[in-house]
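Here is what each chain is made of, one letter per residue.
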Amino acid sequence: MSEDAGPGEPPVDPPDRGKPIGRRVVLSVLALGAAGIVTGRTISDALAKIAEHDPTGLLNVLPFGDNFRYYSVTGSVPVADPATYRLGVTGLVETERRYSLTDLAALPQTDIVADFQCVTGWRVPDVAWSGIRLSTILAASGVKPQAKALRFVSFDGVYTESLTLDQARNPDMIVALRMLNGPVTHDHGGPVRLYAAPMYGYKSIKWLSEIQLVDRVEPGYWEGFGYSIDGWVGQSNGRNDAPTT
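Bear in mind that the values here come from a model prediction, so they are computed numbers and not experimental data. (Residues numbered from 1 in each chain as written. Predicted model: local features only at pLDDT ≥ 70, side-chain atom pairs only at ≥ 80, totals over all residues. Heavy atoms only, no water.)

Some details on the environment of V127
Our working definition: Under the scheme used here, helices are H or I runs from DSSP no shorter than 4 residues and strands are E runs no shorter than 2 residues, and both carry numbers assigned from the N terminus. The buried label applies to any residue whose accessible area, calculated with a 1.4 Å probe on protein chains only, is under 20% of its type's maximum; exposed applies above 50%, and partly exposed to all values in between. Residues are treated as being in contact if the distance between any of their heavy atoms lies within 4.5 Å.
Structurally, V127 can be placed in strand β4 (residues 123-133). When its relative accessible area of 1% is taken as the criterion, V127 is described as buried. Ignoring anything within four residues of it in the chain, the contact list for V127 reads F68, I112, V113, A114, F116 and L180.

Section: the sheet that holds strand β6 (residues 160-164)
Paired through backbone hydrogen bonds, the strands of a sheet run either parallel or antiparallel to each other. Operational definition: By definition, two strands form a pair when at least two bridges between them are found by DSSP. The axes are straight lines fitted to the C-alpha atoms, using for helices just the contacting stretch, and the angles between their N-to-C directions are given from 0 to 180°.
Judged by pairing direction, the sheet is mixed, and its five strands sit side by side in the order β2-β1-β10-β5-β6 without closing on themselves. Lying at the two open borders of the sheet, with one neighbouring strand each, are β2 (97-99) and β6. On average, each strand axis in the sheet is tilted by 20 degrees relative to the strand beside it, whichever way the strands run. Both strand β5 (residues 149-154) and strand β10 (residues 208-214) contribute to a ladder of six bridges, which runs antiparallel. Each bridged residue has a counterpart across the sheet, and for V153 the counterpart in β10 is E210. With respect to the sheet, helix α4 (residues 134-141) is in contact with β1 (87-91), β2, β5, β6 and β10, its orientation differing from that of β2 by roughly 135 degrees.

Thoughts on the confidence of the model for the protein chain
The cut-off we apply is this: pLDDT is a residue-level measure of predictor confidence that goes from 0 to 100.
Of the residues in the protein chain, 67% have a pLDDT of 70 or more, and the chain-wide mean is 79. Contacts for the low-pLDDT stretch residues 54-63, under 50 throughout, to residues beyond four places or in other chains number 24 contacts. Within the model, pLDDT remains below 50 along residues 236-245, and this stretch shows 23 contacts once partners closer than five positions in the same chain are excluded.

Regarding the packing of aromatic side chains
Rules: Only centres within 6.5 Å qualify two rings of Phe, Tyr or Trp (six-membered ring in Trp) as a pair; their planes then separate them into stacked at under 30 degrees, edge-to-face at over 60, and tilted for everything else.
Applying the stated criterion across every chain yields a total of nine aromatic pairs. The interplanar angle of 25 degrees and the centroid separation of 6.3 Å between the aromatic rings of F116 and W129 together place this pair among those described as stacked. Here W129 lies in strand β4 and F116 lies in strand β3 (residues 110-117), a separation of 13 residues in the sequence. Centroid distance Y202 to Y227: 4.8 Å. Interplanar angle 90 degrees. Geometry classified as edge-to-face. In this pair, Y202 is assigned in the loop between β9 (193-196) and β10 and Y227 in the segment after β10, connecting sequence segments 25 residues apart. Members of the aromatic cluster, joined through ring pairs, are Y159, Y202, Y221, W222, F225 and Y227.

Thoughts on α4
Put simply, the rule reads: Picture the helix axis, draw a direction to every C-beta atom, and the arc is the one those directions span.
Looking only at α4, the buried set comprises L134, I137, L138 and S141. Buried positions in α4, seen along its axis, are confined to an arc of 95 degrees and lie on one side of it. Note on α4: the residue one or two positions beyond its end, G142, has a positive phi of about 80 degrees.

What about the nonpolar core?
Stated formally: Nonpolar core, defined: a set of buried Ala, Val, Leu, Ile, Met, Phe, Trp, Tyr and Cys residues in which side-chain atoms within 4.5 Å join the residues together.
Core analysis: the biggest nonpolar cluster contains 34 residues, and L87, L104, L134, L150, F152, I211 and L213 have the highest contact counts within it. Listed by contribution, the elements that provide at least two residues to this core are β1, α4, β5, α5 (165-168), β7 (173-179), β9 and β10. Apart from the residues lying within four places of it in its own chain, the contact partners of L150 are L134, L138, E161, S162, L163, T164, L165, A168, I211, Q212, L213 and V214. With 15 residues, the next largest nonpolar core counts A114, F116, C118 and V127 among its residues.

Thoughts on the pairing of β9
Residues of β9 alternate between two faces, with R193 and Y195 on one and L194 and A196 on the opposite face, all of them buried. In the sheet, β7 pairs with β9 via four bridges, with the strands oriented antiparallel. Each residue of the ladder has a partner; that of V175, found in β9, is L194.

Details of the pattern of salt bridges
Note the cut-off: The rule for a salt bridge is simple: a side-chain nitrogen of Lys or Arg has to be within 4 Å of a carboxyl oxygen of Asp or Glu.
Counting across every chain of the model gives five salt bridges. Note that D115 is salt-bridged to R123, the shortest N-O span being 2.8 Å. The partner of E223 in a salt bridge is K203, with the nearest N and O atoms 3.0 Å apart. A residue pair is termed long-range when its members are at least 10 positions apart, and E223 in the segment after β10 and K203 in the loop between β9 and β10 qualify at 20 residues. With respect to class, E223 is no different from K203; both count as buried.

The structure is reproduced here in structure tokens:
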């Protein structure tokens, strides 16, 4: 599952997302969705969890308010063990590194409060994020002259993303350890995810396991379905208030 993974379903057969839900369940959650407009995050969160296993895509169009939606990329994602989790920095670098959560927490941290904007139009305003600037990660490993881009790999086994080297050095690009005033949860892509503040949410890859320095941009998972490789907020949906770069 991935926040802002796409507009409902991609133009291919979707992966198995669980047992189809029955008519009574659909009617019940439709009622909950209407109630969620009034009652806010509690019901919205419950609906989001149900939507993870809804193969119809119907629940993704319910009104969740200013809260995160969840889309499935794979049927399920294994939960990382905090004690053994490692973030690899590999490829065209002077020194390859494998960071534990303790290692990452010891690096200089940056706080950002910014919207999470989906390319499909919804957004969550004023989300608090905290983590390490990508530029800090790159400086620690040393970037070889041949490197022109970054390829990000998720431990879900499917999701990948990319940034140019110049984009990655934007101060609003962070490897996030915290969001919403707590550690990044599994459902939100934890224990470590990317947050690309100036870009649409599909660029902020979840369940981050490896950052590869490569010699050219390699389009990510959603770019394979026609999404913009750059993904700057403001290029669609009428937004003109994207963070400056």
